[in-house]
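Listed here are the chains, written in short residue letters.
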Amino acid sequence: MGLRGRQGFGGNNYGGVWMTRQPFDFSVEQTEWWHIFDVGVGNAVNDLQASDDGDYLWVATTAGQLYRIGNLNQARSEMTADVDNANPNRVTTIDLAGSWIGRVITDIAIDPNDNDRVMITLGNYGASTHVFYSTNATSANPTFLNRSGDLPDMPVYAGILNFFDGNQAVLGTE
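These numbers were taken from a predicted model, which means no experiment stands behind them.

What counts, and at which threshold
Residues numbered from 1 in each chain as written. Predicted model: local features only at pLDDT ≥ 70, side-chain atom pairs only at ≥ 80, totals over all residues. Heavy atoms only, no water. Salt bridge = Lys/Arg side-chain N within 4 Å of Asp/Glu carboxyl O. Buried < 20%, exposed > 50% of the residue type's maximum accessible area, 1.4 Å probe, protein only. Phe/Tyr/Trp six-rings, centres within 6.5 Å; stacked < 30°, edge-to-face > 60°. Helix = DSSP H or I, 4+ residues; strand = E, 2+ residues; numbered from the N terminus. Lys, Arg positive; Asp, Glu negative; His and termini not counted. Polar contact = N/O pair within 3.5 Å; in protein donor to acceptor, adjacent residues only side chain to side chain. Contact = heavy atoms within 4.5 Å. Pairing = 2+ DSSP bridges.

A. Examining the pattern of salt bridges more closely. For the structure on display, the rule yields two salt bridges. Notably, a salt bridge pairs aspartate 111 with arginine 117, separated by 4.0 Å at the nearest N-O pair. The class of arginine 117 is buried, set by a relative accessible area of 19%. Across the salt bridge formed by arginine 117 and aspartate 114, the nearest N and O atoms sit 4.0 Å from each other. When its relative accessible area of 30% is taken as the criterion, aspartate 114 is described as partly exposed. Via salt bridges that share partners, Asp111, Asp114 and Arg117 belong to a single interconnected network.

This is the structure in structure tokens:
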């Protein structure tokens, strides 16, 4: 599966997400891309992260929104890939209550051994919270808890969860 985010190209003032099942099939003349989801006017995709099994896609936007798109393994055509066409995919908008409202989500990390364990990192100065972690990320109402610890007030640009222990992470800060 191939994925790409779009940031308002061709005169459009909105971003979206597209996917293909043929990212490395060089026998086809033109790769077929399917529209999955639009993030709205004046917004753009900042980060995409797919679960190891390919069934979940996490989308972070420049406006600080976080979406989870599920059932991607069922997407086999334009109709079943586009969440606007009443298909088996489902989009969940993650409640951004608290200290990350309107802040840029800089990275998403998914535990390769457990789709429920997801970490996001945040940019911006002037906030004491830059790392949030969920252990129920695929549930109907996932919760993300602050795991910033005693990090200094500086943006966290990237993070990766330890393959052997999803409770440990390596972070890239400013």
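B. Region of the structure containing the packing of aromatic side chains. A complete count under the given rule lists three aromatic pairs for this structure. Ring geometry for tryptophan 58 versus phenylalanine 144: centroids 6.1 Å apart, planes at 80 degrees, classification edge-to-face. Pair noted here: tryptophan 58 is in strand S5 (residues 57-61) and phenylalanine 144 is in the loop between strand S10 (131-134) and strand S11 (145-146), with a separation of 86 residues, a long-range link. For the pair tryptophan 58 and phenylalanine 144, one class covers both residues: buried. Ring plane angle 85 degrees and centroid distance 5.2 Å describe the contact between phenylalanine 163 and phenylalanine 164, whose orientation is recorded as edge-to-face.

C. Structural detail: unusual backbone geometry. Positive phi is not limited to glycine here, since asparagine 71 has a value of about 60 degrees. Asparagine 71 gets classed as partly exposed once you look at its relative accessible area, which sits at 22%. Even without being a glycine, asparagine 124 presents a positive backbone phi close to 80 degrees. Relative to the helices and strands, asparagine 124 is located in the loop between strand S9 (118-122) and S10. The class of asparagine 124 is partly exposed, set by a relative accessible area of 33%.

D. Fine view of the side chain of arginine 103. Locating arginine 103 in the fold gives a position in the loop between strand S7 (90-93) and strand S8 (105-110). One buried charged residue, arginine 103, forms no salt bridge at all, with the nearest opposite charge on aspartate 153 at 6.4 Å. Within the local environment of arginine 103, its side chain forms a polar contact with the backbone oxygen of threonine 129, the two atoms lying 2.6 Å apart. Those residues in contact with arginine 103 that lie beyond four places of it in its chain are Ala63, Gly64, Leu122, Gly123, Asn124, Ala127, Thr129 and His130.

E. Just the sheet that holds S9, in detail. Strand order in this open sheet of four strands is S8-S9-S10-S11, and the pairing throughout is antiparallel. Where the open sheet ends on each side, the last strands, each with one partner, are S8 and S11. Note that S10 and S11 share two bridges and pair antiparallel. Bridge assignment links tyrosine 133 to a residue of S11, and that residue is leucine 145.

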